[in-house]
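# Commentary on secondary and tertiary structure
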Amino acid sequence: MRGAKYRALTAQQIKPEGWLLRQLEIQAEGLSGHLDLVWPDIRESKWIGGDKEGWERVPYWLDGFIPLAYLLNDEDLKKRAKRYIDAILAAQKEDGWICPCALEERDRYDLWAAFLICKVLVLYQDCSGDERIEEAVYRALKQLLPHIARNTLFNWSAARWYECLIPILWMYGRRPEPWLLQLMELLDADGIDYEKLYTYFDFQKPASKKYWTQTNHVVNTAMAFKCRALMSCLTEEDPDEFALSMYQKVMKYNSMATGHFTGDECLSGDAPIQGSECCSVAEMMYSCETLLSIGGNPFWGDLLERE
């Protein structure tokens, strides 16, 4: 098991300067730094005891807000991030369940939000050093194993199962317990098999504008590039082989001159008038970072700069 070798730089190890520092300041001055003050779905979320959306929106916002706060070393932003983390940790159930839903709703709760909040908590610990996080993530992951064994992954969690590998590998580096490897294997078996998907499908843009699936969704596509690299920390497979073949096929039918791929919600062909979602660019950049950190192939670093 080489999971302990998977490491990414944290906000404690990076000090932005010049142009990059100014871009982060602009983000903090804009919606990124104020979403919790103006959007009810964040400001009054079920994640912090409110009655608004209790799924992916708070975790997604925190995934960017936390490193923004710590990279800028902004005390107000850090205080506001801690308020959310404190509320999430305080609401964690005794059995480890961490998402804001009733007991009777758990079986049909899309676990994508659980994967994402565990990743966010790991990010927060790396930035802040908060000693509460390890135990909270441990309990949340431990609860996921029997839950997934009883309830097959569906919808977004089936498409994004590999995102949960990030907190699992982080935890395994601290507590190398066999059940964590079992959870990795279960997620791999239960989620979408992207290797088979990209062996048998070409993902050319269909004629119908109504065509939408989890498998041609452009953000899922960007995220999935890293799925086998993350699993390679357990299986010892080549971390680059699948990602390189997937990139070749995606770009064959959906390429842009920038090196990214088109996607108006879903993959959109190679017409020069097509662009792509900002979300897909952000997630592809993160996939490139992950691939580079695991396999060390400079191709992903070059692509990251182009993105």
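One can find the structure itself at the top, above this paragraph.
Residues numbered from 1 in each chain as written. Predicted model: local features only at pLDDT ≥ 70, side-chain atom pairs only at ≥ 80, totals over all residues. Heavy atoms only, no water.

For the rest of this paragraph, the subject is helix α14 (residues 241-254). Compared with the 20 Å implied by 1.5 Å per residue over 14 residues, the 20 Å span of α14 between its first and last C-alpha is a close match. Residues Phe242, Ala243, Met246, Tyr247, Val250, Met251, Tyr253 and Asn254 constitute the buried set of α14. (Helix = DSSP H or I, 4+ residues; strand = E, 2+ residues; numbered from the N terminus. Expected span 1.5 Å × (residues − 1). Buried < 20%, exposed > 50% of the residue type's maximum accessible area, 1.4 Å probe, protein only.)

The next thing to look at is the pattern of salt bridges. Counting across every chain of the model gives 20 salt bridges. The salt bridge partner of Glu135 is Arg175, with a shortest N-O separation of 2.8 Å. Of this pair, Glu135 sits in helix α7 (residues 133-150) while Arg175 sits in the loop between α9 (165-174) and α10 (178-190), and the two are 40 residues apart along the sequence. Under the relative-accessibility criterion, Glu135 is labelled partly exposed at 36%. Linked by salt bridges that have partners in common, Arg43, Glu44, Asp51 and Lys52 make up one network. (Salt bridge = Lys/Arg side-chain N within 4 Å of Asp/Glu carboxyl O.)

In this fold, Arg160 is placed in the loop between α8 (155-159) and α9. Through-space distance from the C-alpha of Arg160 to that of Val219 is 9.9 Å; in sequence the pair is 59 residues apart. Of the polar contacts made by the side chain of Arg160, one reaches the side chain of Tyr60; its length is 3.1 Å. (Polar contact = N/O pair within 3.5 Å; in protein donor to acceptor, adjacent residues only side chain to side chain.)

On to empty space enclosed by the protein, then. Summed over all chains, the structure comprises two cavities of 30 Å³ or more. Its boundaries defined by the atoms lining it, the largest cavity holds a volume of some 60 Å³. What lines the largest cavity is Gly96, Trp97, Ile98, Cys99, Leu111, Ala114, Cys118, Ala140, Gln143 and Leu144. Among the elements that take part in the lining of the largest cavity, α7 stands out by supplying three residues, more than any other. Looking at side-chain class alone, the lining of the largest cavity contains eight nonpolar, two polar and no charged residues. Estimated volume of the second largest cavity: approximately 40 Å³. (1 Å grid on protein atoms, 1.4 Å probe; cavity = no way out; pocket = protein on both sides within 12 Å on 5 of 7 lines; lining within 4 Å. Points joined across faces, edges and corners; volume = space filled by probe spheres on them. Nonpolar A, V, L, I, M, F, W, Y, C, P; charged D, E, K, R; others polar.)

Here the focus is α9. Within α9, eight of the 10 residues are buried, which leaves the element mostly enclosed by the surrounding structure. Those residues of α9 lying buried are Leu165, Ile166, Pro167, Ile168, Leu169, Trp170, Met171 and Tyr172. Elements that come into contact with the buried residues of α9 comprise α6 (112-128), α7, α10, α13 (227-235) and α15 (278-295). (Contact = heavy atoms within 4.5 Å.)

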